[in-house]
Amino acid sequence: MADHHSIAVIAGDGIGQEVVPAAIECLTAVAGLHSITFDFVDLPWGSDYYQKHGRMMPVDGLEQLAAHDAIFLGAVGIPSIPDTETLWGLLIPIRRYFEQYVNLRPVKTLPSVVTPLASDRFIDFLIVRENCEGEYSEVGGRVYRGLPQESAFQQSVFTRFGVARVTNFAANLAASRSRRLTSATKSNGIVHTMPFWDEVVADTVAGFDLEVESVLIDALAARMVLSPWSFDVIVASNLFGDILSDLGSALTGSIGVAPSANLNPERTHPSMFEPVHGSAPDIAGMGIANPIGQIWSGAMMLDHLGYPEAASQLVAAFEAALAAGIRTRDLGGTASTSEFTTAVLDRVT
């Protein structure tokens, strides 16, 4: 495997402009210890680009991204531009064009991070979110615009192919861990797509030696609050996985620490790595953003590129900084973005 990689960098908007450079510093430091070199190619796309050109990325943006080994994304969105423009103009086309059908989101207790839970039991589970279809389809529209009966409709799209491939990924992941897999559903209320989801999940996992449970999404959300340590791998649709992962990050202390990987498991296209948090315009430019979500996403990128030892080393470095009591404001500390980054760099050994 080559030890040199070209990485497309889209810092994007808001605090993305602050946490992406911080994470790149950390990635460069740990890569140097493993004879890995990165060519970080900055692509100044996002809301500023939109305001100048009327689109979030160039017409040939996807073709430009295809030339790289991975994509490192910061954040997308500003209040003055509708999310339908920012997300559907950049993030979602990337996910779908490159068949990044797995959105992998770890939920894990971090050292010295206070959580809202009464228990201090260790939490460590993974959410595997279907990333290309489901509830976030483009099928729909609005009719009778401007009239009292104006209406909107949105069509969920679940394919056997799409549900099976994300379930297969989650099942293999569960098989490598505790052999426990939870499927999020709502088949008692959503009478077509969710029973179909259940059927395809059951068919897909039949060949695995796993303990599989299907849990209604409302009960699952309640259980995640009451007993998050009871989960190991959760597979969920696009919408359900999106909501559950934000809940998971809140349970472990802050959405600022949550990473994600948009994976093309077959590696026929580049995968994309980004923190779960948004552009946080309320604190952008203040130098106080938590870089952990971006750094951890970088560690997931290292792992995907074939460097698990380097990935573990980077995670250990930011965990050591936390254990030493160095925290940004969202975690109850006083460290700035740059101060926390320096603390991580000091512990990359």
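Residues numbered from 1 in each chain as written. Predicted model: local features only at pLDDT ≥ 70, side-chain atom pairs only at ≥ 80, totals over all residues. Heavy atoms only, no water.

### Quick look at the overall build of the protein
- Within the protein, the regular secondary structure consists of 11 helices and 12 strands.
- Against the 2.2 N^0.38 benchmark of 20 Å for 349 residues, the protein shows a C-alpha radius of gyration of 20 Å, consistent with a compact globule.
- Within the protein, the fraction of its 349 residues that count as buried is 52%.
- Pairs at least 24 residues apart make up 75% of the contacts formed inside the protein by residues separated by at least 6 positions. (Helix = DSSP H or I, 4+ residues; strand = E, 2+ residues; numbered from the N terminus. Rg over C-alpha atoms; globule rule 2.2 N^0.38 Å. Buried < 20%, exposed > 50% of the residue type's maximum accessible area, 1.4 Å probe, protein only. Contact = heavy atoms within 4.5 Å.)

### A short note on the pattern of salt bridges
- Taken as a whole, this structure holds 12 salt bridges when the rule is applied.
- Notably, a salt bridge pairs Asp242 with Arg129, separated by 3.7 Å at the nearest N-O pair. Of this pair, Asp242 sits in helix α8 (residues 238-251) while Arg129 is found in strand β5 (residues 124-130), placing the two residues 113 residues apart along the sequence.
- Notably, a salt bridge pairs Arg223 with Glu213, separated by 2.8 Å at the nearest N-O pair. With Arg223 in helix α7 (residues 217-226) and Glu213 in strand β9 (residues 211-216), this pair connects stretches of sequence that are 10 residues apart.
- For Arg223, a relative accessible area of 23% puts it in the partly exposed group.
- A single network of salt bridges, built from pairs that share partners, joins Arg105, Arg129, Asp242 and Asp246. (Salt bridge = Lys/Arg side-chain N within 4 Å of Asp/Glu carboxyl O.)

### Here's the deal with the packing of α7 against α8
- Contact pair α7 / α8: the axes reach a minimum separation of 10 Å and the direction vectors enclose 15 degrees. As the angle between them shows, α7 and α8 are arranged roughly parallel. Between α7 and α8 the crossing geometry is right-handed. Together, Ile217, Leu220, Ala221, Met224 and Val225 of α7 and Phe240, Leu244, Leu247, Gly248 and Leu251 of α8 make up the contact between the two elements.
- Classifying every residue of the contact of α7 with α8 gives 9 nonpolar, 1 polar and no charged. (Axes fitted to C-alpha atoms, helices over the stretch in contact; angles between N-to-C directions. Parallel < 35°, antiparallel > 145°, perpendicular 65-115°, else oblique. Left-handed = near helix turned anticlockwise from the far one by under 90°. Nonpolar A, V, L, I, M, F, W, Y, C, P; charged D, E, K, R; others polar.)

### A short note on the nonpolar core
- Residues Phe72, Leu302, Phe318 and Val344 are the most contacted members of the largest nonpolar core, which totals 81 residues.
- In terms of residue count, the dominant contributor to this core is helix α10 (residues 308-323) (8 residues).
- Not counting the four nearest positions on each side in its chain, Leu302 is found in contact with Leu27, Val30, Ile36, Phe38, Tyr307, Ala310, Ala311 and Leu314.
- In this structure, Tyr49, Met56, Met57 and Leu65 belong to the second largest nonpolar core, which totals 17 residues. (Core = buried A, V, L, I, M, F, W, Y, C linked by side-chain atoms within 4.5 Å.)

### Some words on the sheet that holds β9
- Strand order across the open sheet formed by 10 strands is β2-β1-β3-β12-β11-β4-β5-β10-β8-β9, with mixed pairing between neighbours. The open sheet terminates on both sides in strands that have one partner only, identified here as β2 (37-42) and β9. Strand-to-strand twist across the sheet, computed as the mean angle between neighbouring axes with direction ignored, equals 25 degrees.
- In this structure, strand β1 (residues 4-12) lies alongside β2, joined through 6 bridges in parallel fashion. Considered in β2, the bridge of Val9 is made with Asp42.
- Helix α5 (residues 160-175) contacts β4 (102-108), β5, β8 (180-185), β10 (233-236) and β11 (259-263) of the sheet and is inclined by roughly 165 degrees relative to β5.
- Where α8 meets the sheet, it contacts β4, β5, β8 and β10, and its direction lies at approximately 155 degrees from that of β5. (Pairing = 2+ DSSP bridges.)

### Comments concerning helix α9 (residues 292-304)
- Counted at 1.5 Å a residue, the expected span for α9 with its 13 residues is 18 Å, and the 18 Å between its end C-alpha atoms agrees.
- With 12 of 13 residues buried, α9 is to be regarded as a mostly interior element.
- Considered for burial, the residues of α9 that qualify are Ile292, Gly293, Gln294, Ile295, Trp296, Ser297, Gly298, Ala299, Met300, Met301, Leu302 and His304.
- Within two residues after α9, Gly306 carries a phi angle of roughly 105 degrees, on the positive side. (Expected span 1.5 Å × (residues − 1).)

### Examining unusual backbone geometry
- Positive phi outside glycine occurs at Glu99, with the angle close to 50 degrees.
- With respect to the helices and strands, the residue Glu99 is situated in the loop between α4 (83-97) and β4.
- Given a relative accessible area of 32%, Glu99 falls into the partly exposed group.
- The backbone of Arg267 sits at a positive phi, close to 60 degrees, despite the residue not being glycine.
- Inspection of the secondary structure puts Arg267 in the loop between β11 and β12 (271-275).

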